[in-house]
Amino acid sequence: MTEFKQRIFSGVQPSGNLTLGNYLGAIRNWVTLQKTYESIFCVVDLHAITVWQDPAVLRNATREVAAGMIASGIDPKECIIFNQSQVPGHAELAWIFNCVARMGWLNRMTQFKEKAGKNRERASVGLYVYPDLMAADIMLYQATHVPVGEDQKQHLELTRDIAQKFNSDYGTEFFPIVEPLILGEAKRVMSLRDGTAKMSKSDPSENSRINLTDDRDTIAKKIRKARTDSEAIPSEIAGLEGRPEVKNLISIFAALSDRTVAEVCQQYGGQDFAPFKKDLAELSVSVLGPITEEMKRLCDEKTYIDQVLKEGSEKARILSEPVLKQVHNIVGFLQS
Ligand code: ATP
Ligand code: LTN
C-alpha cells in the first residue's frame, strides 16, 4: 500500500453569503484541523457557476468567502487559501474524471436531483458533472482527508469510487482513498423555516438562514421567527424524534456552546421556546459577532484578500503540477 502524506482539502462555493451551516458544518472544523494537518482551503468558483452567477456578484462573493474563512480563524500563513479558477489543473483533472466516472453513478447524486428540480432538461451540464470536479479538487493534491458537512457525504463516496476505478483501470495506487471528516454536533444545519431542508446560502428565503454578515438584531429576529411546534422542549434526546425544527435549534445551540445535544435538552427540558430562543440568539451573536466584524473589516481590504488568494493559488499550482504530470503519464498522454 502506498503511504500518502496526510493532507486536508476542502472548499466552499462563492454562491452567496456564508451561513451558519457553512460555519458549523465546515469552516469551524477547519480551524481546529489546520493545527494538525497540512491544509488546503479553496473558494470553489468553478463550482459556483454550475448555476447562474452575475459576474460582479461572483467577484465580491469570492472575496467575501475568503474573508469569512480568515475571519473565522483560518491562517493564510499556515494553510493554503485560494480560488479554484486560478489553478488550471482542477478543470483538467475534472475532464479526465468525467471519463472515469459512470453515468449511473452521477444519476444517483441527490444534490443534482435537488438542485435541478423538476426541470432537469434545463439544468447545466456542469451541475450534472459537478461531483467529478469535486473529486478532481481533492485528488489534484492527493488529499487524504476532507472535512465537510453531512450533505457532502455522497459526493465523497463518489470521489472514492472514482479514485478506486482510476487506480484499478490503470493498475496503479496513485490516488489515495479519501476519508470524510464529518464532525461536531451540527453536521447538517437545517433551514429555520423548514426542518427537513438544509440551511443553504442559495435558499431564496432570507429567514431560512443566519448569514455570517447578519447583524445582532437580524440574528435575534430570525431566531425568534424560527419555526418550532406547540409542545415543550424535551428533556431527553429521544424526545426530538419527529420534531426536526426543534432538533435543529437544539443542535445549533449545542454546537455553538460546545456542549452535547443531551446536555442542552437537560437544561431546557420542559420549558417553552421563548427563553431558549432568547439564549440562543445571545449565544449566536456572541460567537458570530466577532467573526462578522472581522469579516467586514477584511472585505474593505480587497488588495489584501486578492494577495492572499494569489499567493495561495501559486502555492496550490506548484503542488498540483507534478500530480497532473504524473496523471498524464499514467493515462498515456504524450508530453515533451
Ligand atoms: P449552495 O446553497 O450554493 O449549494 P451551500 O450553502 O450548501 O451552498 P457549499 O458551499 O456548497 O454551501 O458548502 C460548503 C461547506 O459547507 C460544505 O462542507 C458543506 O457540507 C457545508 N455546509 C453547507 N451547508 C451546510 C449545512 N446546512 N449544514 C452543515 N454543513 C453545511
Ligand atoms: N461540493 C462542495 C464544495 C466543494 C468541496 C470540494 C468540498 C467543492 N469541491 C472539495 C470538499 C472538497 C459543497 O459543499 N457543495
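Above: the structure in question.
The structure displayed is predicted, hence computed values, not measured ones. (Residues numbered from 1 in each chain as written. Chains lettered and ligands numbered in written order. Predicted model: local features only at pLDDT ≥ 70, side-chain atom pairs only at ≥ 80, totals over all residues. Heavy atoms only, no water.)

Side note on the overall build of the protein
For the protein, the count of helices and strands is 13 helices and five strands. Seen through its C-alpha atoms, the protein measures out along the principal axes to roughly 70 × 45 × 40 Å. Split into buried and exposed, the 336 residues of the protein put 50% on the buried side. Restricting to contacts in the protein with at least 6 residues of sequence separation, those with at least 24 account for 76%. For the protein, the exposed surface amounts to about 16100 Å²; the carbon and sulfur share of it is 50%. Measuring between centres, the 41 positive side-chain charges of the protein sit 3 Å from its 44 negative side-chain charges. (Helix = DSSP H or I, 4+ residues; strand = E, 2+ residues; numbered from the N terminus. Buried < 20%, exposed > 50% of the residue type's maximum accessible area, 1.4 Å probe, protein only. Contact = heavy atoms within 4.5 Å. Areas by Shrake-Rupley, 256 points an atom, 1.4 Å probe, with all protein chains shown as cover. Lys, Arg positive; Asp, Glu negative; His and termini not counted. Charge placed at Lys NZ, Arg CZ, Asp CG, Glu CD.)

Notes on the nonpolar core
Counting residues in hydrophobic clusters, the biggest one holds 60 residues, and the most contacted among them are L24, M69, I250 and F276. Of all the elements, helix α12 (residues 273-299) adds the most residues to this core, at ten residues. Grouped together as the second largest cluster of nonpolar side chains are 44 residues, A94, F97, V100 and M109 included. (Core = buried A, V, L, I, M, F, W, Y, C linked by side-chain atoms within 4.5 Å.)

Here's the deal with the site of ligand 1
What surrounds ligand 1 is a group of 21 residues, the closest being K115, K198, S200, K201 and S202. Residue G21 places a main-chain N or O atom 3.2 Å away from a nitrogen atom belonging to ligand 1. Relative to its free-state accessible area of 600 Å², ligand 1 is covered by the protein chains to the extent of 97%. Looking at the shell around ligand 1, the elements with two or more residues in it are β1 (7-12) and α1 (20-33). When residues in the shell around ligand 1 are grouped by element, the largest group, four residues, is from α1. Classifying every residue of the shell around ligand 1 gives five nonpolar, ten polar and six charged. (Near = heavy atom within 4 Å. Polar contact = N/O pair within 3.5 Å; in protein donor to acceptor, adjacent residues only side chain to side chain. Nonpolar A, V, L, I, M, F, W, Y, C, P; charged D, E, K, R; others polar.)

Here we look at the packing of aromatic side chains
All chains considered together, the criterion is met by twelve aromatic pairs. Between F97 and F175, the ring centres sit 5.5 Å apart and the planes meet at 75 degrees, which makes this aromatic pair edge-to-face. Here F175 lies in the loop between α8 (153-170) and β5 (179-181) and F97 lies in helix α4 (residues 89-98), a separation of 78 residues in the sequence. By the burial criterion, F97 is buried, and F175 matches it. Their ring planes at 75 degrees and their centres at 5.2 Å tell us that F112 and Y128 sit as a pair that is edge-to-face. Here Y128 lies in helix α7 (residues 125-139) and F112 lies in helix α6 (residues 110-116), a separation of 16 residues in the sequence. Taking the relative accessible area as the measure of exposure, F112 reaches 9% and is therefore buried. (Phe/Tyr/Trp six-rings, centres within 6.5 Å; stacked < 30°, edge-to-face > 60°.)

Let's talk about the site of ligand 2
Around ligand 2 there are 14 residues in total, and H47, Y130, M134, D137 and Q152 lie nearest to it. Q152 is positioned with one of its side-chain polar atoms (N or O) 3.1 Å from a nitrogen atom of ligand 2. Burial of ligand 2 by the surrounding chains reaches 92%, relative to a free accessible area of 360 Å². Looking at the shell around ligand 2, the elements that each hand over two or more residues are β1 and α7. Per-element tally for the shell around ligand 2: the top contributor is α7, with four residues.

A closer look at the packing of α1 against helix α10 (residues 244-256)
For the pair α1 and α10, the least separation of the axes is 12 Å and the interaxial angle reads 45 degrees. Taken together, the axis directions place α1 and α10 in an arrangement best described as oblique. Classified by chirality, the crossing of α10 by α1 is left-handed. Where α1 approaches α10, its residues L20, L24 and R28 are matched on the opposing element by I252, A255 and L256. Tallied by class, residues from the contact of α1 with α10 come to five nonpolar, no polar and one charged. (Axes fitted to C-alpha atoms, helices over the stretch in contact; angles between N-to-C directions. Parallel < 35°, antiparallel > 145°, perpendicular 65-115°, else oblique. Left-handed = near helix turned anticlockwise from the far one by under 90°.)

A word on the environment of M295
Within the element layout of this structure, M295 appears in helix α12. Residues M295 and V308 lie 13 residues apart in sequence; the distance between their C-alpha atoms is 14 Å. With sequence-adjacent residues up to four places away left out, M295 is seen in contact with L18, E64, A67, G68, A71, L212 and T213.

Honestly, it's all geometry; don't read function into it.
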